[in-house]
Amino acid sequence: QVQLVESGGGLVQPGGSLRLSCAASGIIASNYVMGWYRQAPGKQREMVARITQDGSTIYADSVKGRFTISRENVNNTVFLQMNSLKPEDTAVYYCNSNRRLFGGLYNYWGQGTQVTVSS
């Protein structure tokens with residue numbers, strides 16, 4: 001019922017840019033904290049960026065100044081604009097939504113999209 005579908009990943013050269021999209025269905029994205037996480041081979045999944053219900057944003061130190069998260073409410077879609085990409089940004093990027101309401105925790109994940117930064 002709830003689906004988060006990522007798109008926009010691919011192969012890009014160092015210094016290049018990509019824009020990831022997360023199309024949400026079954027939820028209203030503006031009612032959730034929406035986030036992007038990534039997992040590189042052999043490493044744990046880490047938070048990249050989050051946007052709260054009121055539009056506040058949080059970024060991992062490693063991507064500050066390079067990545068921007070945004071939400072397009074009319075399309076129920078969250079974006080991650082990635083600029084000045086580095087090889088260490090290579091990972092599978094996952095879209096996440098979560099919120100706590102009346103004591104219940106609602107947490108959803110997308111299937112992931114591969115981002116590879118290489119010459």
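Report on the accompanying structure. (Residues numbered from 1 in each chain as written. Predicted model: local features only at pLDDT ≥ 70, side-chain atom pairs only at ≥ 80, totals over all residues. Heavy atoms only, no water.)

1. Some words on a nonpolar patch on the surface
At step 1: Judged by side-chain polarity, Leu-101, Phe-102 and Tyr-106 come together as a nonpolar surface patch covering roughly 360 Å² of accessible area.
At step 2: Position of Tyr-106 relative to the elements: it lies in strand 10 (residues 104–109).
At step 3: Relative accessible area serves as the criterion here: at 34%, Tyr-106 is assigned to the partly exposed category. (Patch = residues over 30% accessible without salt bridge, like charges linked within 9 Å, V, L, I, M, F, W, Y side chains within 5 Å. Areas by Shrake-Rupley, 256 points an atom, 1.4 Å probe, with all protein chains shown as cover. Salt bridge = Lys/Arg side-chain N within 4 Å of Asp/Glu carboxyl O. Helix = DSSP H or I, 4+ residues; strand = E, 2+ residues; numbered from the N terminus. Buried < 20%, exposed > 50% of the residue type's maximum accessible area, 1.4 Å probe, protein only.)

2. Describing the environment of Lys-64
At step 1: Structurally, Lys-64 can be placed in the loop between strand 6 (57–59) and strand 7 (67–72).
At step 2: Along the sequence, Lys-64 and Val-48 sit 16 residues apart, while their C-alpha atoms lie 9.2 Å from each other.
At step 3: Here Asp-61 takes part through its side chain, which lies 3.1 Å from a polar atom of the side chain of Lys-64. (Polar contact = N/O pair within 3.5 Å; in protein donor to acceptor, adjacent residues only side chain to side chain.)

3. Some words on the side chain of Gln-81
At step 1: Mapping Gln-81 onto the fold places it in strand 8 (residues 77–82).
At step 2: Apart from residues no more than four positions distant in its own chain, Gln-81 is found in contact with Ser-17, Leu-18, Arg-19, Arg-66, Phe-67 and Thr-68. (Contact = heavy atoms within 4.5 Å.)

4. Considering the nonpolar core
At step 1: One finds Met-34, Trp-36, Leu-80, Met-82 and Tyr-93 to be the most contacted residues of the largest nonpolar core, which totals 28 residues.
At step 2: Among the secondary structure elements, those contributing two or more residues to this core are strand 3 (18–25), strand 4 (33–39), strand 5 (46–51), strand 7, strand 8, strand 9 (91–101) and strand 11 (113–117).
At step 3: Here this core takes four residues from strand 3, the largest share from any one element.
At step 4: Leu-80 has contacts with Leu-18, Arg-19, Leu-20, Trp-36, Val-48, Ala-49, Phe-67, Thr-68, Ile-69 and Tyr-93, leaving out every residue within four places of it along the chain. (Core = buried A, V, L, I, M, F, W, Y, C linked by side-chain atoms within 4.5 Å.)

5. Comments concerning the packing of aromatic side chains
At step 1: By the definition in use, this model includes two aromatic pairs.
At step 2: Summarising the aromatic geometry, the rings of Tyr-32 and Tyr-108 are spaced 6.3 Å apart at their centres and angled 65° between planes, so their arrangement reads as edge-to-face. Of this pair, Tyr-32 sits in the loop between strand 3 and strand 4 while Tyr-108 sits in strand 10, and the two are 76 residues apart along the sequence.
At step 3: We classify Tyr-32 as buried; its relative accessible area is 6%.
At step 4: Relative to Trp-109, the ring of Tyr-37 has its centre 5.1 Å away and its plane inclined at 70°; by these criteria the two rings are edge-to-face. (Phe/Tyr/Trp six-rings, centres within 6.5 Å; stacked < 30°, edge-to-face > 60°.)

6. Description of the pattern of salt bridges
At step 1: Counted by the stated rule, this structure contains four salt bridges.
At step 2: A salt bridge links Asp-89 to Arg-38; the shortest N-O distance between them is 3.0 Å. Here Arg-38 lies in strand 4 and Asp-89 lies in the loop between strand 8 and strand 9, a separation of 51 residues in the sequence.
At step 3: With relative accessibility at 0%, the residue Asp-89 sits in the buried group.
At step 4: A residue is classified by how much of its surface remains accessible, and Arg-38, at 6% relative accessible area, is buried.
At step 5: The structure contains a network of salt bridges with shared partners spanning Arg-38, Glu-46, Arg-66 and Asp-89.

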